[in-house]
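# Fold and geometry: a report
Chain by chain, the residues run as shown.
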Amino acid sequence: MLGLVVAAHVVERHPDLAEGALAKLRAAVVSESALAEVGRELAIGHDLRLGKGEAASGGRDKSSILADAVEALIGAVYLDGGLDAARAMVLDLLAGRIAAEAVEGPGGADHKTRLQVLVARRFASSPAYSSTDEGPDHDKRFRAEVRVDGRLLGVGHGRSKKLAEQSAAGAALVALETGADDVGAGAASTTISESEQGHA
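Residues numbered from 1 in each chain as written. Predicted model: local features only at pLDDT ≥ 70, side-chain atom pairs only at ≥ 80, totals over all residues. Heavy atoms only, no water.

## Some remarks on the overall build of the chain
The condition that has to hold: Runs of E in the DSSP output that reach at least two residues are strands. Runs of H or I that reach at least four are helices, and both are numbered from the N terminus. Accessibility here uses a 1.4 Å probe with only protein chains present; expressed as a share of the type maximum, an area under 20% marks a residue as buried, one over 50% as exposed, and anything in between as partly exposed. Every residue pair with non-hydrogen atoms within 4.5 Å of one another is taken to be in contact. What sets the accessible areas is the Shrake-Rupley method with a 1.4 Å probe; for residues, cover comes only from the shown protein chains.
A count of helical and extended segments in the chain gives eight helices and four strands. Walking the chain from its N terminus toward its C terminus, one meets helices and strands in the order α-α-α-α-α-α-α-β-β-β-α-β. A burial count over the chain gives 40% of its 200 residues as buried. The contacts of the chain with a sequence gap of at least 6 include a subset with a gap of at least 24, amounting to 52%. Summing over all exposed atoms, the chain offers an accessible surface of approximately 10400 Å²; the carbon and sulfur share of this is 50%.

As structure tokens, this is what we get:
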């Protein structure tokens, strides 16, 4: 079901892509690593019931377990609410990744670089980031905004300034990919987890 929803969305949003490119895009979005990132963003590991050995060995952050848990969660929504509810959930979780992967292709550059490339093609200026933070030093949360020509395109959150900016860039990619060049106060908002810090 997950693959079906993603495949249909990819074809609908990117009808000009070759069949091979569409297949690679779909595969990248539903891969174990991508779904594990979603699981970390949702902090789903904290709610898993694991054996003592698995829990003690870091199972709550193991990619294979997190990916399976996300698929199980989507399956539960499907059984409870039907295809429309499951589709809405899948796209809420993965639309940003689909848009970002489509800009440079699966395995391409990080969100900020992808946004830089896309903005350079469409506008005469570069993305401008601003950020704020809150919370104690040991548990800070950052909020970043990205604007182009003064227009707010994306809002992001993360445990570091870099992660928040990556998240904001990912949200901006969604806005541009869907044609919402000036989303203003309704800017898409996303969060990037610690596991993605290597891409920041």
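## Some thoughts on the packing of helix α1 (residues 2-13) against helix α2 (residues 19-29)
The following threshold applies: For helices, the fitted axis covers only the stretch in contact; all axes are lines through C-alpha atoms, and the angles between them, taken along N-to-C directions, range from 0 to 180 degrees. Throughout, the term roughly parallel applies to angles under 35 degrees, roughly antiparallel to angles over 145, roughly perpendicular to angles from 65 to 115, and oblique to all others. For a crossing to be left-handed, the near helix must be turned anticlockwise from the far one by less than a right angle; the clockwise case is right-handed. Residues were grouped as follows: Ala, Val, Leu, Ile, Met, Phe, Trp, Tyr, Cys and Pro as nonpolar; Asp, Glu, Lys and Arg as charged; and all remaining residues, including Gly, as polar.
Packing of α1 against α2 brings their axes to within 10 Å, and their N-to-C directions diverge by 135°. One way to sum up the angle between α1 and α2 is to call them oblique. At the point where α1 passes α2, the crossing takes the right-handed sense. Listed contacts from α2 to Gly3, Val6, Ala7, Val10 and Val11 of α1 are Leu22, Leu25, Arg26 and Val29. Along the lines of polarity and charge, the residues of the contact of α1 with α2 split into seven nonpolar, one polar and one charged.

## Quick look at the nonpolar core
This is how it is decided: By convention a nonpolar core is built from buried Ala, Val, Leu, Ile, Met, Phe, Trp, Tyr and Cys residues, the set being connected through side-chain atoms within 4.5 Å.
Within the largest apolar cluster, 19 residues are counted, with the highest numbers of intra-cluster contacts made by Leu2, Val6, Val10, Val29, Ile74, Val90 and Leu94. Elements supplying a minimum of two residues to this core: α1, α2, α3 (32-41), α5 (63-81) and α6 (83-104). Ranked by residue count, the leading element in this core is α6, at six residues. When sequence neighbours within four positions are dropped, the list of residues in contact with Val6 reads Arg26, Val29, Val30, Val90, Leu94 and Ile98.

## A word on the packing of helix α7 (residues 111-122) against helix α8 (residues 161-177)
For the pair α7 and α8, interaxial distance at closest approach is 8 Å and the crossing angle is 40°. Here α8 runs oblique to α7, going by the angle between their axes. The two elements α7 and α8 meet at a crossing, and its hand is left-handed. Touching His111, Lys112, Arg114, Leu115, Leu118, Val119 and Arg122 of α7 are Glu165, Gln166, Ala169, Gly170, Ala172, Leu173 and Leu176, all from α8. Tallied by class, the residues present in the contact of α7 with α8 amount to seven nonpolar, three polar and four charged.

The values reported here are purely geometric and, on their own, carry no functional implication.
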